[in-house]
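Architecture at a glance
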Amino acid sequence: MKAFQFPLDKALDWRRVQLELEEARYKQQVDALAGLDRQRAEVEASGIRAEIQVREWSPIAAGDLGALGNFRLYVKAQESAIVRRRFEAAQMLAEQQKRMLEARRRCRLLERLKERRLTEWTAQRDREVEEIAAESYLARRRRRAPTASPPYNE
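Residues numbered from 1 in each chain as written. Predicted model: local features only at pLDDT ≥ 70, side-chain atom pairs only at ≥ 80, totals over all residues. Heavy atoms only, no water.

1. What to know about the overall build of the chain
Looking only at helices and strands, one finds two helices and zero strands in the chain. The C-alpha extent of the chain, read off along each of the three principal axes, is 145 × 30 × 15 Å. Among the 154 residues that make up the chain, the fraction classed as buried is 16%. Contacts in the chain between residues far apart in sequence, at least 24 positions, make up 86% of those at least 6 positions apart. Carbon and sulfur atoms form 55% of the exposed surface of the chain, whose accessible area is close to 12400 Å². Charge separation in the chain, taken as the distance between the mean sites of 32 positive and 25 negative side-chain charges, equals 3 Å. (Helix = DSSP H or I, 4+ residues; strand = E, 2+ residues; numbered from the N terminus. Buried < 20%, exposed > 50% of the residue type's maximum accessible area, 1.4 Å probe, protein only. Contact = heavy atoms within 4.5 Å. Areas by Shrake-Rupley, 256 points an atom, 1.4 Å probe, with all protein chains shown as cover. Lys, Arg positive; Asp, Glu negative; His and termini not counted. Charge placed at Lys NZ, Arg CZ, Asp CG, Glu CD.)

Structure below.
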């Protein structure tokens, strides 16, 4: 019997490559989202630090308060921009997750088909081996069986 060959092996390999690519893209999107979260936390922390520093100054000049007000506006604008970018990144992540899950589904479909075909091939091979073993056993038995000779008259 010939060795098992799955005719769609190249397609399965291609699906696996696609899945790996989609998983890598998904991971990149997750990292981008986490980066935006870190960036927002850093901007927020810098605003809080500036507020604390200015409040610790004993004589506070009007220009310092004006600068602090402008910095607060800048921080709020940065936070708003990051929130918008995060929303867009979260949408892109959801889309990428759909693409990754679809690639996984397609890959798994071919893997299950291969497993089914391998199971069928294995069963067929086992039947053939069993038939050959039975034929071999019968052939040996026929060779060993004493030939029927006429009875002797004594």
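2. Considering the pattern of salt bridges
Under the definition given, this model contains 15 salt bridges. With a closest N to O distance of 3.3 Å, Arg 25 and Glu 22 form a salt bridge. Here Arg 25 pairs with Glu 22, and both are found in helix α1 (residues 9-56), just three residues apart, close to one helical turn. Among the residues examined, Arg 25 registers a relative accessible area of 37% and is labelled partly exposed. Given the relative accessible area of 13%, Glu 22 is considered buried. A cluster of three or more residues bridged by salt bridges with shared partners is formed by Asp 13, Arg 16, Arg 108, Glu 111 and Glu 115. (Salt bridge = Lys/Arg side-chain N within 4 Å of Asp/Glu carboxyl O.)

3. So, helix α2 (residues 62-144)
End to end, α2 covers 117 Å across 83 residues, agreeing with the expected 123 Å (1.5 Å per residue, within 8%). For α2, every residue scored as buried is listed here: Leu 68, Val 75, Glu 79, Ile 82, Ala 89, Leu 93, Gln 96, Met 100, Ala 103, Cys 107, Leu 110 and Trp 121. Summarising the contacts, the buried residues of α2 are in contact with α1. (Expected span 1.5 Å × (residues − 1).)

4. Overview of a nonpolar patch on the surface
Taken together, the side chains of Trp 57, Ile 60 and Leu 65 define a hydrophobic patch exposed on the protein surface, amounting to about 280 Å² of accessible area. Mapping Leu 65 onto the fold places it in helix α2. What makes Leu 65 partly exposed here is its relative accessible area of 48%. (Patch = residues over 30% accessible without salt bridge, like charges linked within 9 Å, V, L, I, M, F, W, Y side chains within 5 Å.)

5. Focus on the side chain of Glu 51
Inspection of the secondary structure assignment puts Glu 51 in helix α1. A polar contact is formed between the side chain of Glu 51 and the side chain of Arg 55, at a distance of 2.9 Å. (Polar contact = N/O pair within 3.5 Å; in protein donor to acceptor, adjacent residues only side chain to side chain.)

6. A few points about the environment of Arg 108
Position of Arg 108 relative to the elements: it lies in helix α2. C-alpha of Arg 108 to C-alpha of Arg 16: the two residues are 92 residues apart in sequence and 9.0 Å apart in space. Within the structure, the side chain of Arg 108 is placed 3.4 Å from the side chain of Glu 115, a separation counted as a polar contact.

7. A short note on the nonpolar core
The tendency in soluble globular proteins is for nonpolar side chains to be buried side by side. Counting residues in each nonpolar core, the largest one holds seven residues, listed as Leu 33, Leu 36, Val 43, Val 75, Ile 82, Ala 89 and Leu 93. For this core, the secondary-structure elements that each account for two or more residues are α1 and α2. At four residues, α2 tops the list of elements feeding residues into this core. Those residues in contact with Leu 33 that lie beyond four places of it in its chain are Arg 86, Ala 89, Ala 90 and Leu 93. Grouped together as the second largest cluster of nonpolar side chains are five residues, Leu 12, Leu 19, Ala 103 and Cys 107 included. (Core = buried A, V, L, I, M, F, W, Y, C linked by side-chain atoms within 4.5 Å.)

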